[in-house]
Amino acid sequence: QVQLVESGGGLVQPGGSLRLSCAASERIRSINAMAWYRQAPGKQRELVAEITRDGSTNYVDSVKGRFTISRDNVKNTVYLQMNSLKPEDTAVYYCNAHITTIWFQANDYWGQGTQVTVSS
């Protein structure tokens, strides 16, 4: 079964940086779009950044110039470099990927979520 395993969350002071990683497990034929979402308490889940297989990216306005999404297609991994973090970036961050398995089944998969807390 395909799994997305996230790492890299934690507590950081305002202005600090964190790097999130999300690695897809085995039995994968191909991965198309990959993305990071976040959900703050009492709010809906929102798209933070997305990246196509060929590297085209898109960001929500609130993180433009501060966050960078990237991917390693050999390692089946997506990253989110977060700089100049603000308290309003506090949320659970989820990775998402559209994956085709070795059995030619295509679905969207989600990571388990990783907490990012920005506080002094």
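Just so you know, these numbers come straight off a predicted model, no measurement behind them.

Reading the values: rules and limits
- Residue numbers here run from 1 along each chain, matching the order of that chain's written sequence.
- In keeping with the model being predicted, local features are shown solely for residues with a pLDDT of at least 70 and side-chain atom pairs are shown and tallied solely at 80 or more, while totals for entire chains, interfaces and linings include all residues.
- Side-chain numbers here rest on the full set of heavy atoms in the structure, without hydrogens or water.
- Only DSSP runs of H or I reaching four residues or more are called helices, and only runs of E reaching two or more are called strands; each is numbered from the N terminus.
- By definition, residues are in contact when any of their heavy atoms lie within 4.5 Å.
- Each residue gets one of three labels from its accessible area relative to the maximum for its type: buried under 20%, exposed over 50%, partly exposed in between, using a 1.4 Å probe on protein chains only.
- Between any two strands, at least two bridges found by DSSP are needed for them to pair.
- Orientation is described by axes fitted as lines to C-alpha atoms, over the contacting stretch for helices, and by angles from 0 to 180 degrees between their N-to-C directions.
- We count a salt bridge whenever a side-chain nitrogen from Lys or Arg sits within 4 Å of a carboxyl oxygen from Asp or Glu.
- Think of a nonpolar core as a cluster: buried Ala, Val, Leu, Ile, Met, Phe, Trp, Tyr and Cys residues, connected wherever their side-chain atoms sit within 4.5 Å.

## Description of the environment of Lys86
Then, number 1: Relative to the elements of secondary structure, Lys86 occurs in the loop between β8 (77-82) and β9 (91-101).
Then, number 2: As a C-alpha pair, Lys86 and Lys64 span 22 residues in sequence and 13 Å in three-dimensional space.
Then, number 3: With residues near it in sequence (within four places) discarded, Lys86 still touches Arg66 and Val118.

## Observations concerning the environment of Val2
Then, number 1: Within the secondary structure, Val2 sits in the segment before β1 (4-7).
Then, number 2: A relative accessible area of 7% means that Val2 is categorised as buried.
Then, number 3: Residues Val2 and Ser25, spaced 23 residues apart in sequence, show a C-alpha to C-alpha distance of 5.6 Å.
Then, number 4: Sequence-distant contacts of Val2, defined by excluding residues within four places in its chain, comprise Ser25, Glu26, Arg27, Ile28, Ile99, Thr101 and Tyr109.

## A few points about the sheet that holds strand β7 (residues 67-72)
Then, number 1: Strand order in the open sheet formed by 4 strands is β1-β3-β8-β7, with antiparallel pairing between adjacent strands. At either end of the open sheet lies a strand with only one pairing partner, and these are β1 and β7. Sheet twist, expressed as the average angle between the axes of neighbouring strands with direction ignored, equals 15°.
Then, number 2: Where β1 meets strand β3 (residues 18-24), 4 bridges bridge the pair, whose relative direction is antiparallel. If you follow Val5 over to β3, its bridge partner there is Ala23.

## Some words on the pattern of salt bridges
Then, number 1: Counting across every chain of the model gives 4 salt bridges.
Then, number 2: Across the salt bridge formed by Lys64 and Asp61, the nearest N and O atoms sit 2.9 Å from each other.
Then, number 3: On the accessibility criterion, Lys64 (49% relative accessible area) is partly exposed.
Then, number 4: Put simply, Arg38, Glu46, Arg66 and Asp89 are held in one network by salt bridges that share partners.

## Digging into the nonpolar core
Then, number 1: Counting residues in each nonpolar core, the largest one holds 31 residues, and the members touching the most others are Trp36, Leu80, Met82, Tyr93 and Ile99.
Then, number 2: The set of elements that each furnish at least two residues to this core consists of β3, β4 (28-39), β5 (46-51), β7, β8, β9 and β11 (114-118).
Then, number 3: Discounting chain neighbours no more than four positions away, the residues touching Tyr93 are Glu6, Leu20, Trp36, Tyr37, Arg38, Val48, Phe67, Leu80, Met82, Gly113, Thr114 and Val116.

## Points about unusual backbone geometry
Then, number 1: The backbone of Ser84 sits at a positive phi, close to 50°, despite the residue not being glycine.
Then, number 2: Mapped onto the elements of the fold, Ser84 is located in the loop between β8 and β9.
Then, number 3: The partly exposed category is assigned to Ser84, whose relative accessible area is 40%.
Then, number 4: One non-glycine residue with positive phi stands out, namely Phe104, at about 65°.
Then, number 5: Mapping Phe104 onto the fold places it in the loop between β9 and β10 (106-110).
Then, number 6: Residue classification places Phe104 among the exposed positions, given a relative accessible area of 61%.

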